[in-house]
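# Topology and contacts: notes
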Amino acid sequence: EAIKKIADENELIIIEDACHAHGARYASGEKVGSCSYSDMTVFSFHPLKNMTTAEGGMITTNDPELYERLLMLRTHGITKDNSGFTAHHEDYYYEMQVLGYNYRLNDLQCALGISQLAKLDRFLEKREDIAKEYNTAFMEMEDRVILPPDSQGNHSRHLYVLQLRNGMRDQVFRHLRDQGIGVQVHYIPVYLFPYYKQMGYREGLCPHGEEYFERAISLPMHTLLERPDRERVIDEFSKALKLCSCKSGK
């Protein structure tokens, strides 16, 4: 809401990145993607997202002009709408009016996406159950871990990210991977990659982001994670914390 106010005052366009937020709601109750606060909202349907079309994504908007522009841009800049033609011809005629792209989902991907969308609420309920189970278990470890922040709306729970207070993230990560638990780190600050370093970006640019990265670890979060698997994740994570703390003498 605060960003929307600034945008309106300065005649700015808001493009909202909701690639991890399928089915989530704002605290006010509106669903993410309804464009209540943004002009366009972007979703990803990569296989690791909460719902998938195998690859690709979607843009939502309530603005008719932006909608028509997006339709044109996704199809090589071509329009078949004769109301906007610069010349009049027979029915076979179409125009390429801007330099566009080949950004269409195919019919098979759309069919998969529609079937996934019908299951999304069930997916979100399962993810919320897993997050609650994790939160309950890890509350007892708050002297060593930082839990994910509470959500003011309905969270999509795409990821479950903890932060470790004791500087033992990499040791905990290795222990869990050695036990066959698929932990990950989300995310490495983008300017630390070689492509950006060659442009002159250096460590220390965003100290809070770098501190977060050094402490963050993502635990398994997906709809096929059943209770025995969750309990094993919690048990091994607790063991890893104790083991690493003992090794460091803390």
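Residues numbered from 1 in each chain as written. Predicted model: local features only at pLDDT ≥ 70, side-chain atom pairs only at ≥ 80, totals over all residues. Heavy atoms only, no water.

## Things to note about the packing of aromatic side chains
Here a ring pair, both rings aromatic, is described through the centre-centre distance and the interplanar angle of the planes. To keep things clear, this is the line we draw: Two aromatic rings, drawn from Phe, Tyr or Trp (for Trp, its six-membered ring), form a pair once their centres lie within 6.5 Å of each other, and the interplanar angle then sorts them: stacked below 30 degrees, edge-to-face above 60, tilted otherwise. Only when the NZ atom of a Lys or the CZ atom of an Arg is both within 6 Å of the ring centre and within 35 degrees of the ring normal do we say a charge sits over the ring.
All told, the structure shown has nine aromatic pairs when counted by the stated rule. Linked through ring pairs, Tyr 134, Phe 138, Tyr 160 and Phe 237 together constitute an aromatic cluster. The ring of Phe 213 has Arg 169 lying over it, and the distance from NZ or CZ to the ring centre is 5.2 Å.

## A closer look at the side chain of His 186
Let me state the cut-off plainly: The way it works is that DSSP assigns letters per residue, a run of H or I at least four long becomes a helix, a run of E at least two long becomes a strand, and they are numbered from the N terminus. The cut-offs for exposure are 20% and 50% of the maximum accessible area for each residue type, with area from a 1.4 Å probe on protein chains only; residues under the lower value are buried, those over the upper are exposed, and the others partly exposed. In protein, a polar contact means a hydrogen-donor-capable atom and an acceptor-capable atom, both N or O and within 3.5 Å, with residues adjacent in sequence counting only if both atoms are side-chain atoms; elsewhere, any N or O pair within 3.5 Å suffices. We call two residues contacting when some pair of their heavy atoms lies within 4.5 Å.
Within the secondary structure, His 186 sits in the loop between α4 (169–178) and α5 (194–197). With relative accessibility at 16%, the residue His 186 sits in the buried group. Side chain to side chain, His 186 and Ser 218 meet in a polar contact 2.8 Å long. Apart from the residues lying within four places of it in its own chain, the contact partners of His 186 are Leu 159, Val 161, Tyr 212, Ala 216 and Ser 218.

## Overview of the sheet that holds strand β8 (residues 216–219)
Operational definition: When DSSP locates at least two bridges between a pair of strands, those strands are taken to pair.
In space, the three strands of this open sheet follow the order β6-β7-β8, with antiparallel pairing throughout. The open sheet has two edge strands, β6 (145–146) and β8, and neither has a second partner. Of the pairings in the sheet, the one linking strand β7 (residues 160–164) to β8 comprises four bridges and is antiparallel in character. Each bridged residue has a counterpart across the sheet, and for Tyr 160 the counterpart in β8 is Leu 219.

## Regarding the state of the cysteines
Going by this rule: The disulfide definition used here is simple: a pair of cysteine sulfur atoms within 2.5 Å.
Within this structure, the stated rule accounts for zero disulfides. Free of any disulfide, Cys 19 has its nearest cysteine sulfur in Cys 35, 13 Å distant.

## Here we look at the nonpolar core
A general trend in soluble globular proteins is that nonpolar side chains are found buried together. Cut-off, in case you're wondering: Put simply, buried Ala, Val, Leu, Ile, Met, Phe, Trp, Tyr and Cys residues joined by side-chain atoms within 4.5 Å make one nonpolar core.
Counting residues in hydrophobic clusters, the biggest one holds 29 residues, and the most contacted among them are Tyr 134, Phe 138, Tyr 160, Val 172, Ile 217, Leu 219 and Phe 237. For this core, the secondary structure elements donating two or more residues are α3 (107–138), β7, α4, β8 and α7 (227–248). Considering each element in turn, this core owes the most residues, six residues, to α7. Non-local contacts of Tyr 134, meaning those with residues more than four positions away in its chain, are made with Tyr 160, Leu 219, Pro 220, Leu 225, Arg 230, Val 233 and Ile 234. Residues Ala 18, Ala 24, Tyr 26 and Phe 45 belong to the second largest nonpolar core, which totals 11 residues.

## Description of α3
Definition in use: Expected helix span is given by 1.5 Å per residue-to-residue step, counting one fewer step than there are residues. To get the bend at a residue, fit one axis to the 7 residues ending there and another to the 7 starting there, then take the angle between the axes.
Compared with an ideal rise of 1.5 Å per residue, which puts 32 residues at 46 Å, α3 spans 44 Å between its outermost C-alpha atoms and is within 8% of the ideal. In the structure, α3 departs most strongly from a straight axis at Lys 119, where the bend amounts to approximately 50°. A side-chain oxygen of the first residue of α3 lies 3.1 Å from the backbone nitrogen of Leu 108; this N-cap is Asn 106.

## Re the sheet that holds strand β3 (residues 57–60)
Where we set the bar: Fitting a line to C-alpha atoms yields each axis, with helices limited to the stretch in contact; the angle taken between N-to-C directions then spans 0 to 180 degrees.
Taken in spatial order, the three strands line up as β1-β2-β3 in an open sheet, and their pairing is mixed. Both outer strands of the open sheet, β1 (15–17) and β3, are each paired with one neighbouring strand and no more. The average angle at which neighbouring strand axes cross in this sheet is 20°, direction not considered. For β1 and strand β2 (residues 40–44), the ladder comprises three bridges, and the chain directions are parallel. Following the sheet pairing, Glu 16 is matched in β2 by Thr 41.

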